[in-house]
Amino acid sequence: MDIDTLAEAARDLLRRAPADFVAERTARQRSIRKDDRDLAAAIGKLRKPAPAAWVIDLLAQDGSLDEAVDLGPAIRDAQAGADPKEIAALRRRRSGVVGALAQAGAALAEDAGHPVTAAVLDQVRATIEAAMADPHAGAAVRSGLLVQPLESAGFDDVDLDGALAVPDAVPDAWSGSDGPPIPIDDARRARKVRRASRPEPEPEPDPEPERDPAADRRAARQAETTARTESRDADAALDGAERELAAAEERRAELQRDLDRATAEIERLEHARDDAEAASDQARELLAAAQQHRRDLGR
C-alpha cells in the first residue's frame, strides 16, 4: 500500500465536516475496495478528527500555518539568548499571529456549516502555540493529518502519540525538520526514553511544609495523561460505534432493497393472477355460450 496515496485520502477526509466524516469514509472505502483492498482497509481505520484538529487541518490546506511555524525557531533562539526586548517583541507577534489564525479557522468552520465553540478555539490556539514551541509539532500541524489537538508543556516535547492519521507520512514529526527520516516506532521509543531520562527539577523550598509543588505538578501531569488516555479510548469507542452503525445502515438499506424487489414481484404476480382469473372467467362464459348454442340447434 502506498503511504502517500493513503495520506492524500486521509487529508481529503479530515477536511470534511465532522458530522459527514463517517459517511464519507465509508463511501471512499467502498469505492476502492475492488481495486485496492489494503488501501480500503486502511481508510476504514482512519479516525474522525477532534473539532480543534479539524480546524487546524482546514488551516493547513492552504499553508495558513506556515508563518506561525516559521516563527517558532526565532522565539526559541530569543529565549535561549535571554534577550528580554526581543522575547517581548516576538511574543507580541506570536499573540497576533495565533489570534488571527484562530479567527480564520473559526471562519472556515462557519463556512463549512460547523461553527466551533470558544473552548475549541482555545484548543486551536494551544495547538498553534505547540507548533511554534516544538519543530516536531510544527511538522505535524503542517501535514493536514492532525486528528487530536496539541499542547506544549514547558520544556517537554509535545506529545504526538496518536495525534496523526498517518504517522508514517510525516517523518519530520519524529526525526525533526533537520534530520533524515527514521523509523516511526524507533522515533517514538527514543522520545519516551529522552523524557524518562530527564532529571526531575529540584523542588523549591516551600514555606508551607504540607504542600509539595513538584508533587502537585506531577499529579496534575498524571491527571492530564489519564484524561488524554480516556479521551482517546472514548474517541476509539465512538469510531467503532459509528462504523457499526454505518454497517447496520448499509445492511438495512440492502434489506429494504430486497423488500422492495419482493414487493414488486408480489404485485406483478397479483396482476398476472388477476389477468388469468379474468381470462378464465371469459373462457367459461364463451364455453357456456357455445354449449347453449349447441343445445338450441338440437331442438
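Residues numbered from 1 in each chain as written. Predicted model: local features only at pLDDT ≥ 70, side-chain atom pairs only at ≥ 80, totals over all residues. Heavy atoms only, no water.

### Remarks on the overall build of the protein chain
Along the protein chain, the regular secondary structure elements total eleven helices and zero strands. Taken from the N to the C terminus, the helices and strands of the protein chain come in the order α-α-α-α-α-α-α-α-α-α-α. Buried residues in the protein chain amount to 31% of all 299 residues. Carbon and sulfur atoms form 52% of the exposed surface of the protein chain, whose accessible area is close to 18,300 Å². (Helix = DSSP H or I, 4+ residues; strand = E, 2+ residues; numbered from the N terminus. Buried < 20%, exposed > 50% of the residue type's maximum accessible area, 1.4 Å probe, protein only. Areas by Shrake-Rupley, 256 points an atom, 1.4 Å probe, with all protein chains shown as cover.)

### Notes on the packing of helix α1 (residues 3–14) against helix α3 (residues 37–44)
Helices that pack against each other are described as a pair by the angle of their axes relative to one another and the distance between those axes. Between α1 and α3, whose axes approach to 10 Å, the crossing angle comes to 40°. Relative to α3, α1 is oriented so that their crossing is right-handed. Note on element contacts: α3 touches α1 through L39, A42 and I43, opposite T5, L6, A9 and L13. Of the residues belonging to the contact of α1 with α3, the class tally is six nonpolar, one polar and no charged. (Axes fitted to C-alpha atoms, helices over the stretch in contact; angles between N-to-C directions. Left-handed = near helix turned anticlockwise from the far one by under 90°. Contact = heavy atoms within 4.5 Å. Nonpolar A, V, L, I, M, F, W, Y, C, P; charged D, E, K, R; others polar.)

### With respect to the packing of helix α7 (residues 118–133) against helix α8 (residues 135–142)
In the contact formed by α7 and α8, the axes pass within 5 Å of each other and the chain directions differ by 130°. Classed by the angle they form, the pair α7 and α8 counts as oblique. Only P135, A137, G138 and V141 of α8 make contact with α7, whose side of the interface consists of T127, A130, A131 and A133. Considering only residue class, the contact of α7 with α8 consists of six nonpolar, two polar and no charged. (Parallel < 35°, antiparallel > 145°, perpendicular 65-115°, else oblique.)

### Comments concerning the nonpolar core
Judged by nonpolar contacts, the single largest core of 57 residues is most densely connected at I128, L146 and L150. Here L146 is in contact with L14, P49, A53, I56, D57, T127, A140, V141, A163 and L164, once residues within four sequence places are set aside. (Core = buried A, V, L, I, M, F, W, Y, C linked by side-chain atoms within 4.5 Å.)

### What to know about the confidence of the model for the protein chain
Here the protein chain shows a mean pLDDT of 79. Residues at 70 or above account for 72%. Mean pLDDT in the protein chain bottoms out at helix α10 (residues 184–197), which sits at 47, and peaks at helix α4 (residues 51–61), which reaches 95. (pLDDT = per-residue confidence, 0-100.)

### A word on helix α2 (residues 21–33)
The end-to-end C-alpha distance of α2 is 18 Å, a good match for the 18 Å that 13 residues give at a rise of 1.5 Å each. Among all positions of α2, only F21, V22, R25, T26, Q29 and I32 are buried. Looking straight down α2, one finds that the buried residues subtend no more than 145° of arc, so they occupy a single side. (Expected span 1.5 Å × (residues − 1). Arc of directions from axis to C-beta.)

### Looking at the environment of T127
For T127, the location among the structural elements is in helix α7. Taking C-alpha positions, T127 is 9.7 Å from V158, a pair spaced 31 residues apart along the chain. For T127, the contacting residues outside a window of four places in its chain are I56, V141, L146, P149 and L150.

### Notes on the environment of D2
Relative to the helices and strands, D2 is located in the segment before α1. With a relative accessible area of 42%, D2 lands in the partly exposed category. On a C-alpha basis, the gap between D2 and L39 in space is 7.9 Å, while along the polypeptide they are 37 residues apart.

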